[in-house]
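Secondary and tertiary structure notes
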Amino acid sequence: MKASKFHLFTTRETPAEAEIVSHQLMLRCGMIRKLTSGIYTWGPLGLRVLRKVEEIVRDELNKAGYQEMLMPAVQPAELWQETGRWKKFGGQLLKIQDRAGRDYCFGPTHEEVMTDFVRNEIRSYKQLPITFYQIQTKFRDEIRPRFGVMRAREFLMKDAYSFHSDHQCMDKTYWEMYDVYTRIFTRTGLHFRSVEADSGAIGGNKSHEFHVLAESGEDQIAFSDQSDYASNTEMTAVAAPRGERAAPTEELRTIDTPDTHTIDELVNGYGVPIEKTIKTLVVHAADDNEADFVALLVRGDRTLNPLKAEKLEQVASPLLFASDKDIHDSIGAGPGSLGPVGLSLPVVADQEVALMSDFTAGANSDDQHYFGINWDRDVESPLTADLRTAVEGDNSPDGKGVLQMARGIEVGHIFQLGTAYSESMNAVVLGEDGKSHVMHMGCYGIGVSRIVAAAIEQNNDESGICWPEPIAPFQLALLPMNAKKSHRVREAAENLYVELIDAGVDVFYDDRNLRPGVMFNDMELIGIPHRLVIGERGLDSGMLEYRQRKDTENSEIPLDGAVDAILHKLGMN
RNA sequence: CGGGGUGUAGCGCAGCCUGGUAGCGCAACUGCUUUGGGAGCAGUGGGUCGGGAGUUCGAAUCUCUCCACCCCGACCA
């Protein structure tokens, strides 16, 4: 590609709207332009990268024997009403009407359309298992789109769906897909990690996420320093603490604690060690519970894990905290003065809380706390559960090693859906036994456009983007110095350009006649991994200058045999 | 949806408080010079001051209203 024929529009100034580095750089080098909130146009440069990612994904899926298809972006309401998601999906579902007033949505995902397709196409267990996928523009009306293409409303996603006659077969494909994903992300050249995950709104049982590791990642992931264990911290199990509860050494006493409503105030004002305090959180109870509310106890320095809490049978799902008024009405004290002793609500304590002794908690009376509380002696031992969020240094739940934390950007997610959709949509096959069987399903997503942004988050420096080679928009930048004045330079560059193209190199030839500094800065900004400079200086000695994007020093390549040398650098021969 | 903020040239901003007919830098265009790390000089074009209503002789500036966008919280590839 010649620069003179390529729409490259870079800016020195950072657009004010861009918060994170990938968004800033994508705008600065013209990869994307915003049309409206959360909706972006991909320019020629951006599309090149998007296509490279897409091709890696497509190639690995094809190799694995999965079949590509393309489903409609616009989907009729009836399908979504069949699974109940027309209502359940919530505000993220963009609903539209045609001229006759019929309801449609712009597809945020394609389980319904896919399941409909398969129930009409597949009749016999002999046709299973089968896996289809597509690469499609999706629309989710995010409450708050942000970070450019990272969390856009319209985005490009690869979604795959597998169908099986039984759970075991689904499980097998699930793990195959896990391996395919591992190959895909390995091939992108990005640092990534797979983690156990919550299956969330899409439903189902087993689930893994694939994260690109980057400081700016929105998710926190936990992994063991001594085993393969890794999970999203939103669901990381905390191993049951070992050891016995210490015997009481203190008397229970009531202390006046005016204006003390937080753990910090308690610790700072009364010298209580924070590990000897308990936080009491009041949440709405599940519908079939006798009480309206449930009290959850965690140690003062711990954070309640909402996902764990809402999975408790006693607790309403989704999790809803009681209002100050609810708490006053049912307990007679404010939220800053609660504790297990004398509490009229059902209590569930985090497992480590049950091992505490001589601890401090609110007295369920404003401006008073109990000190020296001990289980059994002062209050009945509570029901326990794993309630807190895991932190760095916790024992790994698999019993091997200690947890470490990292930040990640979720770029892939695989689920075992089971029969959640096939049952409500009556997707059945005839089995060996001549009877109908509901198909088992798996579903597997990759955020293609998000990968582009994540790649930049992980690979950039002061000068711009440093693309991993497999997804770079071009492999090589060819920069002639002052070609307008120098015949030799121009001629050598033109010849080399043609030879490189013939050799199959994706080369960006900067024939724009700009000052060298401008070219260098542009090439570094858009992150082309390899750079070749042709100038009078080098030609005198028959040399070209070569540099990799991440290097700071040039090396020399003889003009004679330069193409072979470059192919070698690019790993193409 | 709640809380905060911003809308003035393609981009980044000043002007608004204290009303008087719109400006700076970058980018773009023309010419000349320059050419190994975002050049210099001279010149040129480009604005419904987010929209509407109001106050006023006069509104970018004051008032009301609507809209868009951005940031902080709960969702997700």
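So, about the overall build of chain A. Of regular secondary structure, chain A possesses 15 helices and 30 strands. Considered along the principal axes of its C-alpha atoms, chain A spans approximately 95 × 70 × 50 Å. Residues classed as buried in chain A amount to 52% of the 573 residues present. Restricting to contacts in chain A with at least 6 residues of sequence separation, those with at least 24 account for 68%. Total accessible area computed for chain A in this model is approximately 26,400 Å², and 48% of it derives from carbon and sulfur atoms. With 60 positive and 88 negative side-chain charges, chain A shows a spacing of 8 Å between the two charge centroids.

Relative to strand β30 (residues 555–558), strand β29 (residues 543–548) runs antiparallel, the two being bridged by four bridges. Its bridge partner lying in β30, Tyr546 is registered against Ser555. The hairpin turn running from β29 into β30, its antiparallel successor, is six residues long.

Around RNA strand B sit 49 residues in total, of which Arg140, Arg144, Arg151, Glu524 and Glu545 are the nearest. Here, RNA strand B places atoms within 4 Å of the protein, and 47% of those atoms are sugar or phosphate. A distance of 2.9 Å is found between a sugar or linking oxygen of RNA strand B and a side-chain nitrogen or oxygen belonging to Lys34. At 3.1 Å, a side-chain N or O of Arg450 approaches a base oxygen of RNA strand B. Residue assignment for the surface near RNA strand B shows that the elements contributing at least two residues are β1 (32–36), β8 (154–164), β20 (403–418), α13 (516–526), β28 (530–534) and β29.

Now for the sheet that holds strand β26 (residues 476–480). Strand order in this open sheet of five strands is β27-β26-β28-β29-β30, and the pairing throughout is mixed. Two strands close off the open sheet at either side, each with one partner strand: β27 (507–509) and β30. Neighbouring strand axes in the sheet, compared pairwise and without regard to direction, differ in orientation by 25° on average. Against the sheet, helix α12 (residues 487–502) engages β26, β27, β28 and β29, with an angle of about 160° to β27. Contacts from α13 reach β26, β27 and β28, with the element oriented near 175° to β26.

Let us now look at the sheet that holds strand β15 (residues 293–299). Strand pairing in a sheet relies on backbone hydrogen bonds. The paired strands run either parallel or antiparallel. Overall, mixed pairing links the four strands, which are arranged β14-β15-β16-β19 in an open sheet. The sheet is open, and its two edges are formed by β14 (278–284) and β19 (383–385), each paired on a single side. Strand-to-strand twist in this sheet, taken as the mean axis angle between neighbours without regard to direction, amounts to 30°. Sheet analysis places strand β16 (residues 347–350) next to β19, joined by three bridges and oriented parallel. The residue of β19 that forms the bridge with Asp350 is Ala385.

Glancing now at the side chain of Asp394. With respect to the helices and strands, Asp394 occurs in the loop between β19 and β20. Every residue in contact with Asp394, bar those within four places of it in the chain, is listed here: Val238, Arg388, Val402 and Leu403.

Moving on: helix α11 (residues 448–458). Burial analysis of α11 places 10 of its 11 residues in the buried class, which makes it a mostly covered element. Turning to α11, its buried residues number three or more, namely Val448, Ser449, Ile451, Val452, Ala453, Ala454, Ala455, Ile456, Glu457 and Gln458.

Turning our attention to the packing of aromatic side chains. One pass over the structure, following the stated rule, counts 17 aromatic pairs. Here the aromatic cluster, defined as three or more aromatic residues joined through ring pairs, consists of Tyr174, Trp175, Tyr178, Tyr181, Phe185, Phe192 and Phe210.

This brings us to the environment of Phe192. Counting through the fold element by element, Phe192 comes out in strand β9 (residues 192–196). Residue classification places Phe192 among the partly exposed positions, given a relative accessible area of 22%. For the pair Phe192 and Trp42, spaced 150 residues apart in sequence, the C-alpha separation works out to 25 Å. Setting aside its immediate chain neighbours within four residues, Phe192 contacts Thr182, Phe185, Thr186, Phe210, His211, Val212 and Leu213.

It is worth spelling out the confidence of the model for chain A at this point. In this model, chain A carries an average pLDDT of 93, and 99% of its residues clear a pLDDT of 70 or more. ipTM for the predicted complex: 0.93, alongside a pTM of 0.93.

Compared with the 32 Å implied by 1.5 Å per residue over 22 residues, the 31 Å span of helix α6 (residues 167–188) between its first and last C-alpha is a close match. For α6, every residue scored as buried is listed here: Cys169, Met170, Thr173, Tyr174, Met177, Tyr178, Val180, Tyr181, Ile184, Phe185 and Thr188. Capping of α6 at its N-terminal end is provided by Asp166; its side-chain oxygen lies 3.2 Å from the backbone amide nitrogen of Gln168.

Membership of the largest hydrophobic core comes to 65 residues, with the highest contact counts inside it found for Met31, Met177 and Trp467. If we ignore the near neighbours within four places in the chain, the residues touching Met31 are Met26, Thr41, Trp42, Gly43, Leu45, Gly46, Val49, Val452, Ile456, Ile465 and Trp467.

In this section: the pattern of salt bridges. A full pass over the atoms with the stated rule returns 41 salt bridges. Among the ionic pairs, Glu494 bridges to Lys2, the shortest N-O distance being 3.7 Å. One end of the pair, Glu494, is in helix α12; the other, Lys2, is in the segment before α1 (21–28), with 492 residues separating them in the sequence. Where Arg85 meets Glu112, a salt bridge forms, and the shortest distance between an N and an O atom there is 2.8 Å.

Let's shift gears to the pairing of strand β17 (residues 359–362). The side chains of a regular strand alternate between the sheet's two faces. As judged from the three bridges shared by β17 and strand β18 (residues 368–373), these two strands associate in the antiparallel manner. Considered in β18, the bridge of Gly362 is made with His369. The turn linking β17 back onto β18 is made up of five residues, and Asn364 within it adopts a positive phi angle of 55°.

It is the contact of helix α2 (residues 44–63) with α11, at a shortest axis distance of 9 Å, that shows an interaxial angle of 115°. Between α2 and α11, the crossing angle belongs to the class labelled roughly perpendicular. Seen along the crossing, α2 lies across α11 with a hand that is right-handed. From α2, Val49, Leu50, Val53 and Glu54 reach across to α11, where they touch Val448, Ser449, Ile451 and Val452. Along the lines of polarity and charge, the residues of the contact of α2 with α11 split into six nonpolar, one polar and one charged.

Cut-offs applied
Residues numbered from 1 in each chain as written. Chains lettered and ligands numbered in written order. Predicted model: local features only at pLDDT ≥ 70, side-chain atom pairs only at ≥ 80, totals over all residues. Heavy atoms only, no water. Helix = DSSP H or I, 4+ residues; strand = E, 2+ residues; numbered from the N terminus. Buried < 20%, exposed > 50% of the residue type's maximum accessible area, 1.4 Å probe, protein only. Contact = heavy atoms within 4.5 Å. Areas by Shrake-Rupley, 256 points an atom, 1.4 Å probe, with all protein chains shown as cover. Lys, Arg positive; Asp, Glu negative; His and termini not counted. Charge placed at Lys NZ, Arg CZ, Asp CG, Glu CD. Pairing = 2+ DSSP bridges. Near = heavy atom within 4 Å. Polar contact = N/O pair within 3.5 Å; in protein donor to acceptor, adjacent residues only side chain to side chain. Axes fitted to C-alpha atoms, helices over the stretch in contact; angles between N-to-C directions. Phe/Tyr/Trp six-rings, centres within 6.5 Å; stacked < 30°, edge-to-face > 60°. pLDDT = per-residue confidence, 0-100. Expected span 1.5 Å × (residues − 1). Core = buried A, V, L, I, M, F, W, Y, C linked by side-chain atoms within 4.5 Å. Salt bridge = Lys/Arg side-chain N within 4 Å of Asp/Glu carboxyl O. Parallel < 35°, antiparallel > 145°, perpendicular 65-115°, else oblique. Left-handed = near helix turned anticlockwise from the far one by under 90°. Nonpolar A, V, L, I, M, F, W, Y, C, P; charged D, E, K, R; others polar.

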